[in-house]
Amino acid sequence: VQLQASGGGLVQAGGSLRLSCAASGRTFDTYDMGWFRQAPGKEREFVAAISWSGGNTEYTDYVMGRFTISRDNGKNTVYLQMNSLKPEDTAIYYCAVNRNPFRLRPGTQRREYDYWGQGTQVTVSS
């Protein structure tokens, strides 16, 4: 399984970025996909996840209403639209694929994901 994340960059507070994660090597449309992030000196944390069908999503509280996760199963790609960015959103963002197919709800725990992309840096200046 290979995950290729892209779309990170430097943006001013209040700005927007759209991250993409292209997947290969696993039947994409049967697995939840998640986004996590890791800031310097901190643990990797959950950001958002989307079910295999795209019908269910989960968000951590501090991105709710600002970030939107979506997927295009025809393109084997998951997206994270990030609006109203804050300096505290600065981190390396990782996409990941859940280890189990056809889950009822997308997973929010790191241990539920078994393949990870290389990460893309997001830096928000104040």
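Further up the page is the structure itself.
Residues numbered from 1 in each chain as written. Predicted model: local features only at pLDDT ≥ 70, side-chain atom pairs only at ≥ 80, totals over all residues. Heavy atoms only, no water.

Once that is clear, we can look at the state of the cysteines. Using the criterion set out here, one finds one disulfide in the structure. Each sulfur in the disulfide pair C21 and C95 lies 2.0 Å from the other. Linking C21 and C95, the disulfide has an S-S dihedral of approximately 60° and is accordingly described as right-handed. With a gap of 74 residues between them, C21 in strand β3 (residues 17-24) and C95 in strand β9 (residues 91-101) connect regions that are remote in the sequence. As far as burial versus exposure is concerned, C21 and C95 are alike and both buried. (Disulfide = S-S within 2.5 Å. Helix = DSSP H or I, 4+ residues; strand = E, 2+ residues; numbered from the N terminus. Buried < 20%, exposed > 50% of the residue type's maximum accessible area, 1.4 Å probe, protein only.)

Across all of its chains, the model carries seven salt bridges by this definition. Here R103 and E112 are joined by a salt bridge, their closest N and O atoms 2.9 Å apart. Of the residues examined, R103 reaches a relative accessible area of 24% and is grouped as partly exposed. We classify E112 as buried; its relative accessible area is 17%. One network of salt bridges, with partners in common, ties together R37, E45, R66 and D89. (Salt bridge = Lys/Arg side-chain N within 4 Å of Asp/Glu carboxyl O.)

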